[in-house]
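The primary structure of each chain is shown beneath.
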Amino acid sequence: MSVIKQKAEQYIHNFLRARNVPESQWPERVKKTGRGMILAGVAVVVPGVLVDNISLPVTIAMQVCYASLIGLGVLLAFDEKKPEGRG
């Protein structure tokens, strides 16, 4: 498991713990958060498509946000764990 994914899951778990969400719901909430990050990443790109004259630093910032949100969202949303005890 990557360090980035571990840190993201730790942050989400701390947030859920602060909101008194039962631990049994955490894996599903982490996946939901990942899916939300994918959607947010797509939403970050929309202004770049709609506006013609965006400065270069803003374009770069939007692309970095897009890549970060999509990458982390995919790591969190599509985590498939292998079943234990088989083999």
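Note that the structure is a prediction, hence the values are computed from the model and not measured. (Residues numbered from 1 in each chain as written. Predicted model: local features only at pLDDT ≥ 70, side-chain atom pairs only at ≥ 80, totals over all residues. Heavy atoms only, no water.)

All right, on to unusual backbone geometry then. The general pattern is negative phi for most residues beyond glycine and trans for most peptide bonds. The backbone of Asn20 sits at a positive phi, close to 60°, despite the residue not being glycine. With respect to the helices, strands and loops of the structure, Asn20 is situated in the loop between helix 1 (3-18) and helix 2 (26-50). Here Asn20 falls in the exposed class, since its relative accessible area comes to 68%. (Helix = DSSP H or I, 4+ residues; strand = E, 2+ residues; numbered from the N terminus. Buried < 20%, exposed > 50% of the residue type's maximum accessible area, 1.4 Å probe, protein only.)

It is worth spelling out the side chain of Lys5 at this point. With respect to the helices and strands, the residue Lys5 is situated in helix 1. On the basis of relative accessible area, Lys5 is assigned to the buried category, the value being 6%. Residues contacting Lys5, with those up to four places away along its chain left out, are Leu75, Leu76 and Asp79. (Contact = heavy atoms within 4.5 Å.)

The next point concerns a nonpolar patch on the surface. On the surface, a nonpolar cluster with roughly 600 Å² of combined accessible area is contributed by Val42, Val45, Val46, Val49, Leu50, Val51 and Tyr66. For Val51, the location among the structural elements is in the loop between helix 2 and helix 3 (56-77). For Val51, a relative accessible area of 42% corresponds to the partly exposed category. (Patch = residues over 30% accessible without salt bridge, like charges linked within 9 Å, V, L, I, M, F, W, Y side chains within 5 Å. Areas by Shrake-Rupley, 256 points an atom, 1.4 Å probe, with all protein chains shown as cover. Salt bridge = Lys/Arg side-chain N within 4 Å of Asp/Glu carboxyl O.)

A few words on the pattern of salt bridges. When the charged atoms of two side chains lie near each other, side chains of opposite charge can form a pair. Applying the stated rule across the entire model yields one salt bridge. Of the charged contacts in the structure, one is a salt bridge between Arg35 and Glu28, with a shortest N-O distance of 3.6 Å.

Moving on: the packing of helix 1 against helix 2. If you want to describe how two helices pack, look at the angle between their axes and the distance between the axes. Contact geometry for helix 1 and helix 2: axes closest at 10 Å, N-to-C directions at 120°. Relative to helix 2, helix 1 is oriented oblique. The two elements helix 1 and helix 2 meet at a crossing, and its hand is right-handed. Residue-level inspection shows Glu9, Ile12, His13, Leu16 and Arg17 of helix 1 in contact with helix 2, the latter providing Trp26, Arg29, Val30 and Thr33. (Axes fitted to C-alpha atoms, helices over the stretch in contact; angles between N-to-C directions. Parallel < 35°, antiparallel > 145°, perpendicular 65-115°, else oblique. Left-handed = near helix turned anticlockwise from the far one by under 90°.)

The interhelical angle for the contact between helix 1 and helix 3, taken along N-to-C directions, is 75°, at an axis separation of 10 Å. Taken together, helix 1 and helix 3 sit at an angle that is classed as roughly perpendicular. Two secondary-structure elements touch here, helix 1 through Ile4, Lys5, Ala8, Glu9 and Ile12 and helix 3 through Leu72, Leu75 and Leu76. Partitioning the contact of helix 1 with helix 3 into residue classes produces six nonpolar, no polar and two charged. (Nonpolar A, V, L, I, M, F, W, Y, C, P; charged D, E, K, R; others polar.)

Glancing now at helix 1. Compared with the 22 Å implied by 1.5 Å per residue over 16 residues, the 23 Å span of helix 1 between its first and last C-alpha is a close match. For helix 1, the full list of buried residues reads Lys5, Ala8, Glu9, Ile12 and Leu16. All buried residues of helix 1 fall inside an arc of 95° around its axis, so they share one side. The exposed residues of helix 1 that point more than 90 degrees off its buried face are Val3, Lys7, Tyr11 and Ala18. (Expected span 1.5 Å × (residues − 1). Arc of directions from axis to C-beta.)

Treat this as a map of the structure, not an account of what it does.
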